[in-house]
Amino acid sequence: MPISETDRVAINELREAVKEHLTPYYDTDFNLLRWLKGHDYKLDVIKPKLINHLLFRKSDWDLDALAEKPRDHPVHHHWKTGLTGESGIIPNTIVNIEQTGSNDYWGMLQSYPTNEVLRARVHDLESMLKAVMELEKKTNQQCSVIYIMDLTGIKFDKKTITLLTGGLSAISAFMAEHYVELVHSFVLVNVPAFISAIWTIAKPLLPERTRNKCNILNSEWRVDVLKMANGECLPSYWNDEEDDGPFTAPIEKCVPFPEENYYKGKVPENAEHLSVSAGKTGFVEIEVKTGQTLSWEIHTNGHFAFAIYELPLVPNNSDDISNYTRVYPLFSKIPGPTIVPCLDKIECPSSATYRLWFGNQHAWFHTLKIDYVVKVE
């Protein structure tokens, strides 16, 4: 249905509250409505969360233009796209297929740092958002994604438990934080007999709104899923070998990460050290000049938050990071202990003091220990 007058008033109020951060690409009524619905129309809650996302969009990750760029991150060779098109059954929905059971998430996190995994993932999330926005423009209706998770091949072992409580939990939290109400429902198909054990572990780690959108299909899933999407949106590898249908979407199968490419490095001998007590934050400051490249390598013994800020030229004697200009996106939860260190770099737009900020606010007792190498070249 069209946007109600009540919603339109709330949308305009939210737009006014964040107008200095909005970009023309992202500034649509439906994008803002997603944030309102996702946070119960509470403007005081929504405003800082949405500004955080809008700052991310305008960072050097350049989210507005990402879906137009080639899908060519090295991770994409292994983690295949699953965006197939309109459902054709459930109105105003786009279908995305995730090879959850067979994707080599373990190998991925043994081979690439979390920030690079997220770079690869954000391309797909932005592609989903673009497809939804285009459908909304065509229909003038709120649209969303049916996210079908194929559990074929999943195992209940130590690796899966580690992924559920670490890397995959962080990716799920990232999606919920930045792509609010983009997903219509998570549909789990070809679930194993031990799904209840997996769900017991995963459920508490998922945001409540995500949990409430999960739909676990039974052994008749091949029949039931066709009540949600037409066969041309569903992967052809679901067909029996002798059949050409009813599933016809030509989705590539995922590719394992070779073990010989797993990260085998150690903490550099020249690394410096920082400890952050439970519930606290810490930082490292470094002077940079315009046009220089700031690079870093970070090893930690636990989960952490991370961002980089430019300090004001005139000190304001405040530790409130909201007073600083963010020059690298804020990540609320990077899983640790790090298997592959976080490695990245940025070009410095101005001469200033940069603060590499680390958060350990989620911890009750655990002291975060960080080994880092920071270079300016």
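Residues numbered from 1 in each chain as written. Predicted model: local features only at pLDDT ≥ 70, side-chain atom pairs only at ≥ 80, totals over all residues. Heavy atoms only, no water.

The name an unreviewed UniProt entry assigns to the chain is CRAL-TRIO domain-containing protein, from the organism Caenorhabditis latens.

A. Fine view of the overall build of the chain. Helix and strand counts for the chain come out as 11 helices and 13 strands. Whereas a compact globule of 377 residues would reach a radius of gyration of roughly 21 Å, the chain reaches 22 Å, a difference of no more than 12%. Principal-axis analysis of the C-alpha atoms places the extent of the chain at approximately 65 × 55 × 40 Å. Expressed as a percentage of the 377 residues in the chain, the buried residues total 51%. Of the roughly 18500 Å² of accessible surface on the chain, a fraction of 53% belongs to carbon and sulfur atoms. With 38 positive and 50 negative side-chain charges, the chain shows a spacing of 3 Å between the two charge centroids. (Helix = DSSP H or I, 4+ residues; strand = E, 2+ residues; numbered from the N terminus. Rg over C-alpha atoms; globule rule 2.2 N^0.38 Å. Buried < 20%, exposed > 50% of the residue type's maximum accessible area, 1.4 Å probe, protein only. Areas by Shrake-Rupley, 256 points an atom, 1.4 Å probe, with all protein chains shown as cover. Lys, Arg positive; Asp, Glu negative; His and termini not counted. Charge placed at Lys NZ, Arg CZ, Asp CG, Glu CD.)

B. Structural detail: the pattern of salt bridges. By the definition in use, this model includes 20 salt bridges. Among the salt bridges present, the one from arginine 355 reaches glutamate 285, with a minimum N-O distance of 2.5 Å. With arginine 355 in strand β12 (residues 352-359) and glutamate 285 in strand β7 (residues 281-288), the pair connects residues that are 70 residues apart, well separated along the chain. Of the residues examined, glutamate 285 reaches a relative accessible area of 38% and is grouped as partly exposed. Put simply, Arg8, Arg15, Asp27 and Asp29 are held in one network by salt bridges that share partners. (Salt bridge = Lys/Arg side-chain N within 4 Å of Asp/Glu carboxyl O.)

C. How the structure looks around the environment of valine 75. By the element assignment, valine 75 lies in the loop between α4 (63-66) and β1 (83-86). When its relative accessible area of 0% is taken as the criterion, valine 75 is described as buried. Put simply, valine 75 and leucine 118 are 43 residues apart on the chain and 9.8 Å apart in space, counted from C-alpha to C-alpha. Sequence-distant contacts of valine 75, that is, excluding residues within four places in its chain, are made with Met108, Tyr112, Ala120 and Phe257. (Contact = heavy atoms within 4.5 Å.)

D. Quick look at the pairing of strand β4 (residues 183-189). Counting buried positions along β4 yields 6 of 7 residues, so the element is predominantly enclosed. Relative to β4, strand β3 (residues 144-150) runs parallel, the two being bridged by 6 bridges. Opposite methionine 149, over in β4, you have leucine 188 as the bridge partner. Bridging between β4 and strand β5 (residues 214-216) involves 3 bridges; their strand directions are parallel. (Pairing = 2+ DSSP bridges.)

E. Structural view of a negative patch on the surface. A surface patch of negative charge is lined by Asp240, Glu241, Glu242, Asp243 and Asp244. Note that aspartate 244 resides in the loop between α11 (221-224) and β6 (272-276). (Patch = residues over 30% accessible without salt bridge, like charges linked within 9 Å, V, L, I, M, F, W, Y side chains within 5 Å.)

F. Fine view of the domain arrangement of the chain. When the domains of the chain are assigned, the result is domain 1 (5-58), domain 2 (63-261) and domain 3 (272-376). Its C-alpha centre places domain 1 at a distance of 27 Å from the equivalent point of domain 3. (Domains from an automatic or database assignment.)

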